[in-house]
Amino acid sequence: MEKAEHPTQEADQSQREPERRPAGPRIVALANQKGGVGKTTTTVSLGAAAAELGHRVLVVDLDPQGNASTGLGINPRSLEASMYDVLLHDVPIDDAIEAASVRNLFVAPANLDLAGAEIELVPAFSREMRLKNAIASVSDDYDLVLIDCPPSLGLLTVNAFAAASEVMVPVQCEYYALEGLGQLLRNVDLVQRNLNSALRLSAIVLVMYDARTNLAQQVSSEVREHFGSVVCRTVIPRTVRLSEAPSFGQPITVFDPTSRGAVAYRDLAKEFAGEPA
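Calculation criteria
Residues numbered from 1 in each chain as written. Predicted model: local features only at pLDDT ≥ 70, side-chain atom pairs only at ≥ 80, totals over all residues. Heavy atoms only, no water. Helix = DSSP H or I, 4+ residues; strand = E, 2+ residues; numbered from the N terminus. Buried < 20%, exposed > 50% of the residue type's maximum accessible area, 1.4 Å probe, protein only. Polar contact = N/O pair within 3.5 Å; in protein donor to acceptor, adjacent residues only side chain to side chain. Axes fitted to C-alpha atoms, helices over the stretch in contact; angles between N-to-C directions. Parallel < 35°, antiparallel > 145°, perpendicular 65-115°, else oblique. Contact = heavy atoms within 4.5 Å. Core = buried A, V, L, I, M, F, W, Y, C linked by side-chain atoms within 4.5 Å. Pairing = 2+ DSSP bridges. Salt bridge = Lys/Arg side-chain N within 4 Å of Asp/Glu carboxyl O.

A.B. asks: Got a minute to help me understand the environment of R193 in this structure?
C.D. replies: Tracing the chain through its elements places R193 in helix α9 (residues 181–194). Note on R193: relative accessible area 57%, which makes it exposed. Residues R193 and R233 lie 40 residues apart in sequence; the distance between their C-alpha atoms is 29 Å. Looking at R193, its side chain comes within polar contact range of the side chain of D189, at 2.9 Å.

Written out as structure tokens, the structure is:
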């Protein structure tokens, strides 16, 4: 397998060791600047599984493609307010939040309007802190806030890192799995030093795992070797049902509750919450 850059040294030791969590909701940015790595699937599925466990969960869709929104049954063309309005026009995030079909699960949706936000935010006052300020107004209402970042390291992702206390990185079990991860962790470190000292890398999740291939096992071993305990024990398999669920506007836990993907995300939710599997 091709050796990608190994960002081991980039991950500050304090990011990789368990810390006492701050009061209030866990605010987690799910990020990977590579597209198609299961980031949105993980956001939606983890959110739905955590909601099943009884946690009040808010999914914040920061990706202009709006896939987390549509994956939870929200029609982006019929929104009265979206994350674009929240970030650019100071609309209260509570006005944008919609209930998903899963009990305890809520969505702050996005649509293509958000595509212009990267540029429009540049001259904006307090441009890096807009999401943090928006979430602060509703933080008492939720136990877990999951932010689906766009596949880039621009101002939207910086907003997510400034607002979050944790970063979760889905890593696909394929060639070049670690490619670009060093830059992502450098950005986490940069935000930690300049905007949000509480931010830490809390989890790396191995996704799209095909146990039949040597490659998947090799990638898994390599990631665990470099990142140790920050890598989740639960591994998400590559399944057809997981890829089908978004087109029906349902998380996998609703679309096919007994499937391998649904079981894996429930296990991940328990592990992430520190509950017994």
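A.B. asks: Honestly, the packing of helix α2 (residues 39–52) against helix α13 (residues 260–273) in this entry has me stumped. Any pointers?
C.D. replies: A pair of packed helices is captured by two measures, namely the crossing angle of their axes and the spacing between those axes. As a packed pair, α2 and α13 sit with axes 8 Å apart at the nearest point and diverge in direction by 70°. As far as their axial angle goes, α13 and α2 are roughly perpendicular. Together, T41, T42, S45, L46, A49, A50 and E52 of α2 and Y265, R266, L268, A269 and F272 of α13 make up the contact between the two elements.

A.B. asks: Please clarify how the nonpolar core should be interpreted in this entry.
C.D. replies: If you look at soluble globular proteins, the nonpolar side chains tend to sit buried side by side. V60, L62, L131 and I147 are the most contacted members of the largest nonpolar core, which has 58 residues in total. Beyond its immediate stretch of four places on either side in the chain, V60 contacts M83, A108, L131, I135, V145, L146, I147 and D148.

A.B. asks: Explanation requested: the pairing of strand β1 (residues 26–30) in the structure shown.
C.D. replies: When a strand is regular, its side chains alternate between the sheet's two faces. Burial analysis of β1 places five of its five residues in the buried class, the great majority of the element. Neither face of β1 is left uncovered, since the one carrying R26, V28 and L30 and the one carrying I27 and A29 both have all their residues buried. Across five bridges, β1 lies against strand β5 (residues 144–148) in parallel orientation. The residue of β5 that forms the bridge with R26 is L144. In this sheet, strand β6 (residues 166–172) lies alongside β1 in parallel orientation, the contact comprising three bridges.

A.B. asks: Is there a simple way to explain the pattern of salt bridges in this structure?
C.D. replies: Between side chains of opposite charge, a pair can form when the charged atoms approach closely. Summed over the entire model, instances satisfying the criterion amount to eleven salt bridges. Residues R193 and D189 are paired through a salt bridge, measuring 2.9 Å at the closest nitrogen-oxygen approach. With R193 and D189 both in helix α9 and four residues apart, this pair spans about one turn of that helix. On the basis of relative accessible area, D189 is assigned to the buried category, the value being 18%. One salt-bridge network, held together by shared partners, links R241, E244 and D256.

A.B. asks: When you look at helix α8 (residues 155–163) in this model, what are you seeing that I'm missing?
C.D. replies: Residues three or four positions apart in an α-helix share a direction because the helix packs 3.6 residues into each turn. The buried fraction of α8 amounts to nine of the nine residues, a majority that puts the element mostly inside the structure. Taken together, the buried positions of α8 are L155, L156, T157, V158, N159, A160, F161, A162 and A163.

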